[in-house]
Amino acid sequence: MTEKLLSPLRTRPWAERWLTRTLGAGGATAAYAICVPSGSVPVSVAGEVSGGGGVLLAVILVCLAGYFGHRDDLAWPLLLVAVPPAVQMYVSFESEQPLAWAFATLVIAAGALVAATVGRCFRPREEDPTDGLLCAAAHRP
């Protein structure tokens, strides 16, 4: 079971890949909806994140990005983890604070890419048949 949850998505069947990605995007959407109260702008005028919801949201998104960075290509965590909260923030800001929205989106995207890159470091290394060879021509008979 652990192998199924941690193996690269490119090795899994098509339906399982897209179900996992859909659940990831749904998880990021649900995390934003739960951590940020409905109708409130998550960044106050002073620039402080309201309450502990922002910290919890950041932890959830970093964990999701690390998981998808471990299992999938590098662009997928950005699309699955950073885009849903950015869209929800855009709707909740209602164009009142476009610079705050742009900054928050940039921070979320950068955090997702960093967490995904760290997650990729924990992938099992695939064996390369040319690993350790200095020159392929030197080994010809």
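(A) Quick peek at the nonpolar core. Counting residues in each nonpolar core, the largest one holds 20 residues, and the members touching the most others are Leu57, Leu61, Val81 and Met89. Looking at this core, the elements with two or more residues in it are helix H2 (14-35), helix H3 (53-71), helix H4 (75-93) and helix H5 (98-121). If near-sequence neighbours (up to four positions away) are discounted, Val81 is found in contact with Ala28, Leu61, Leu64, Ala65, Phe68 and Trp76.

(B) Quick peek at the packing of aromatic side chains. If you walk through the whole model with that rule in mind, you get three aromatic pairs. Ring centres 5.4 Å apart and planes at 80° place the aromatic pair Tyr67 and Phe68 in the edge-to-face group. Judged by its relative accessible area of 27%, Tyr67 falls in the partly exposed class. The exposure class of Phe68 is buried, given its relative accessible area of 1%. Aromatic side chains Tyr90 and Trp101 sit 5.1 Å apart centroid to centroid with 65° between the ring planes, which places their arrangement in the edge-to-face category. Of this pair, Tyr90 sits in helix H4 while Trp101 sits in helix H5, placing them eleven residues apart in sequence.

(C) View of H3. Between its terminal C-alpha atoms H3 stretches 27 Å, which fits the 27 Å expected from 19 residues at 1.5 Å a residue. The secondary structure elements touched by the buried residues of H3 are helix H1 (2-6), H2, H4 and H5.

(D) Structural context of the pattern of salt bridges. Summed over all chains, the structure comprises two salt bridges. The shortest N-O distance in the salt bridge between Glu16 and Arg12 comes to 3.0 Å. A salt bridge links Asp72 to Arg21; the nearest nitrogen and oxygen atoms lie 2.8 Å apart. Note that Asp72 is positioned in the loop between H3 and H4 and Arg21 in helix H2, a separation of 51 residues in sequence.

(E) Geometry of the side chain of Thr20. Relative to the assigned elements, Thr20 resides in helix H2. Of note is the side chain of Thr20, whose polar atom sits 2.8 Å from the backbone oxygen of Glu16. Setting aside its immediate chain neighbours within four residues, Thr20 contacts Leu9, Phe68 and Arg71.

(F) Just the environment of Pro8, in detail. One can find Pro8 in the loop between H1 and H2. Remark: the alpha-carbon pair of Pro8 and Asp72, spanning 64 residues in sequence, is separated by 6.0 Å.

(G) Fine view of a nonpolar patch on the surface. A contiguous nonpolar patch, built from Leu79, Val83, Val87, Tyr90 and Val91 and spanning about 470 Å² of accessible area, is present on the exposed surface. With respect to the element layout, Val83 can be found in helix H4. Using a relative accessible area of 38% as the deciding quantity, one classes Val83 as partly exposed.

Reading the values: the criteria
- Residues numbered from 1 in each chain as written.
- Predicted model: local features only at pLDDT ≥ 70, side-chain atom pairs only at ≥ 80, totals over all residues.
- Heavy atoms only, no water.
- Core = buried A, V, L, I, M, F, W, Y, C linked by side-chain atoms within 4.5 Å.
- Buried < 20%, exposed > 50% of the residue type's maximum accessible area, 1.4 Å probe, protein only.
- Helix = DSSP H or I, 4+ residues; strand = E, 2+ residues; numbered from the N terminus.
- Contact = heavy atoms within 4.5 Å.
- Phe/Tyr/Trp six-rings, centres within 6.5 Å; stacked < 30°, edge-to-face > 60°.
- Expected span 1.5 Å × (residues − 1).
- Salt bridge = Lys/Arg side-chain N within 4 Å of Asp/Glu carboxyl O.
- Polar contact = N/O pair within 3.5 Å; in protein donor to acceptor, adjacent residues only side chain to side chain.
- Patch = residues over 30% accessible without salt bridge, like charges linked within 9 Å, V, L, I, M, F, W, Y side chains within 5 Å.
- Areas by Shrake-Rupley, 256 points an atom, 1.4 Å probe, with all protein chains shown as cover.

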